[in-house]
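Coordinates in review
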Amino acid sequence: PASVAAPPTRQSTRRNQKHANKPKDAIGASGIPANERFLLSVYFPQASNRAPEFHVMSARWTVGKVIDVLSDRGRILNNNSRPGSVKLNLFNGSGSRLNPSDSLENCVLQSKLEGGGPVLLEYGESLAGFEPGSLKGVEDKHGCITM
């Protein structure tokens, strides 16, 4: 009997995705002062079928603002301001949810985030079936600040 391959899991699909751009071509650098630029490797919600992209944010922005900016740039539905809706959250490469009121700078100081590292924009309070370390960031910070 022929064996049937199991469909790819949610994380193996994400792990194999190539970025749509290179760190040097990260989206959003214009308008952000050079000393505030913070590079993120962004994985959009699985249902969006959008390839991961590198984005530049201000290190001073809160995680909540980053969620708003990324959802706008990625054309991802964000109902976070509507009571009772499933919230869009940002998770670090270990699968931990980042507090929306923390700045990116504070996330770095708390060792929850690193420049060039992967983040996941996803619906819900947690990531089911997530494999920590399965997503790719960049080793070189490409001129973006690290704290």
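Because the structure is a prediction, the values reported are computed rather than measured. (Residues numbered from 1 in each chain as written. Predicted model: local features only at pLDDT ≥ 70, side-chain atom pairs only at ≥ 80, totals over all residues. Heavy atoms only, no water.)

**A word on the overall build of the chain**
From N to C terminus, the chain includes three helices and four strands. Reading the chain from its N end, one meets helices and strands in the order α-β-β-α-β-α-β. Here the chain, with 147 residues, has 44% of them falling under the buried criterion. Once local pairs closer than 6 in sequence are excluded, the contacts in the chain between residues at least 24 apart make up 69%. Counting every atom, the chain has about 8000 Å² of accessible surface; 50% of that belongs to carbon and sulfur. (Helix = DSSP H or I, 4+ residues; strand = E, 2+ residues; numbered from the N terminus. Buried < 20%, exposed > 50% of the residue type's maximum accessible area, 1.4 Å probe, protein only. Contact = heavy atoms within 4.5 Å. Areas by Shrake-Rupley, 256 points an atom, 1.4 Å probe, with all protein chains shown as cover.)

**Brief notes about the sheet that holds strand β4 (residues 118–123)**
Here four strands make up an open sheet; going across it, the order is β2-β1-β4-β3 and the pairing mixed. Across the chains shown, the open sheet's two edge strands, defined by having one partner strand only, are β2 (53–58) and β3 (88–92). Sheet twist, expressed as the mean angle between neighbouring strand axes with direction ignored, is 40°. Of the strand pairs in this sheet, β3 and β4 are connected by five bridges, and their pairing is antiparallel. Paired with F91 across the two strands is L120, which belongs to β4. (Pairing = 2+ DSSP bridges. Axes fitted to C-alpha atoms, helices over the stretch in contact; angles between N-to-C directions.)

**What about the nonpolar core?**
L40, M57, V66, L90, L104, L113 and L121 are the most contacted members of the largest nonpolar core, which has 27 residues in total. When residues of this core are traced back to their parent elements, those giving at least two are β1 (37–43), β2, α2 (63–73), β3, α3 (104–109) and β4. At five residues, the largest contribution of residues to this core is made by α2. In this view, L90 contacts V63, V66, I67, L70, S96, R97, L98, V119, L120 and L121; residues no more than four positions away in its chain are not counted. (Core = buried A, V, L, I, M, F, W, Y, C linked by side-chain atoms within 4.5 Å.)

**A look at the packing of aromatic side chains**
Any two aromatic rings considered together are summarised by their centre-to-centre distance and by the angle between their planes. Enumeration according to the criterion identifies zero aromatic pairs in this entry. Against the face of F44 rests R50, its NZ or CZ located 5.0 Å from the ring centre. (Phe/Tyr/Trp six-rings, centres within 6.5 Å; stacked < 30°, edge-to-face > 60°. Lys NZ or Arg CZ within 6 Å of the ring centre and 35° of its normal.)

**Some points on the confidence of the model for the chain**
When the pLDDT values of the chain are averaged, the result is 80; 74% of them are 70 or greater. Ranking the elements of the chain by mean pLDDT puts helix α1 (residues 10–15) last with 47 and α2 first with 96. Here residues 1–14 is a poorly scored stretch, pLDDT under 50, and it has 18 contacts once near neighbours within four places are set aside; other chains count. (pLDDT = per-residue confidence, 0-100.)

**Let's talk about the environment of E53**
With respect to the helices and strands, the residue E53 is situated in strand β2. For the pair formed by E53 and K18, sequence separation is 35 residues and the distance between their alpha carbons is 8.7 Å. In this structure the side chain of E53 is engaged in a polar contact, spanning 2.9 Å, whose partner is the side chain of R50. Within polar-contact distance, the side chain of E53 engages the side chain of H55 at 2.8 Å. (Polar contact = N/O pair within 3.5 Å; in protein donor to acceptor, adjacent residues only side chain to side chain.)

**Observations regarding the environment of G93**
The residue G93 is located in the loop between β3 and α3 in this model. By relative accessible area, G93 is classed as buried at 18%. In sequence terms G93 and P118 are 25 residues apart; their C-alpha atoms lie 5.2 Å from each other.

**So, unusual backbone geometry**
Residue R75 is not a glycine yet carries a positive backbone phi of 55°. Since its relative accessible area comes to 72%, R75 is described here as exposed. Phi at S111 takes a positive value of approximately 60°, unusual for a residue other than glycine. Following the sequence through the fold, S111 ends up in the loop between α3 and β4. S111 sits in the exposed class, given a relative accessible area of 68%.

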